[in-house]
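So the chains spell out like this:
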Amino acid sequence: QGIETLCLNAGAGQLSIVDSTIANSGVRGSGSGDGVLGTGSGCALTLSHNVITGNSGTSMVSSGAGSFVTFGDNRVRGNGTDTPSGTVTAVPTR
């Protein structure tokens, strides 16, 4: 399975994924083999130092006003679609 964050009723949710490998997986229920999925208004996923590879769908998907924040240091390659879908904000490291 991949990683999924679901925020209901416009609730704020925060998930940080750091130093992880998300490979050859898909999120249950998405049916598309996505690696990381953030769904719902107020869901924010922060990604840093991860490898996202070998997923049959899209590497990262945010839907329903969910969003990703990345420090630009993730390795994304070899997925069905490597380009993230949805809102992605790149933040420089300090």
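Scope of this entry: the structure provided in the associated data block. Everything numeric here is computed off the predicted structure, so don't read it as measured data. (Residues numbered from 1 in each chain as written. Predicted model: local features only at pLDDT ≥ 70, side-chain atom pairs only at ≥ 80, totals over all residues. Heavy atoms only, no water.)

## Remarks on the state of the cysteines
Here is step 1 of the chain: Considering all chains together, one arrives at one disulfide under this definition.
Here is step 2 of the chain: Between the sulfur atoms of Cys7 and its disulfide partner Cys43 the distance amounts to 2.0 Å. Negative torsions about the S-S bond denote left-handed disulfides, and the value of about 120° found for Cys7 with Cys43 makes this one right-handed. With Cys7 in the loop between strand S1 (3-6) and strand S2 (13-18) and Cys43 in strand S5 (residues 43-48), this residue pair connects regions lying 36 residues apart in the sequence. Here the two residues Cys7 and Cys43 agree in accessibility, since each one is buried. (Disulfide = S-S within 2.5 Å. Helix = DSSP H or I, 4+ residues; strand = E, 2+ residues; numbered from the N terminus. Buried < 20%, exposed > 50% of the residue type's maximum accessible area, 1.4 Å probe, protein only.)

## Some thoughts on the pairing of strand S4 (residues 36-39)
Here is step 1 of the chain: Side chains Val36 and Gly38 project from S4 onto one buried face, and the interleaved Leu37 and Thr39 project onto a second face that is buried too.
Here is step 2 of the chain: Relative to S4, S1 is paired through four bridges, and the arrangement is parallel. What sits directly across from Leu6, in S4, is Thr39.
Here is step 3 of the chain: Looking at chain direction, S4 and strand S7 (residues 60-63) are connected through four bridges and run parallel. Residue pairing across strands places Leu37 opposite Val61, the latter belonging to S7. (Pairing = 2+ DSSP bridges.)

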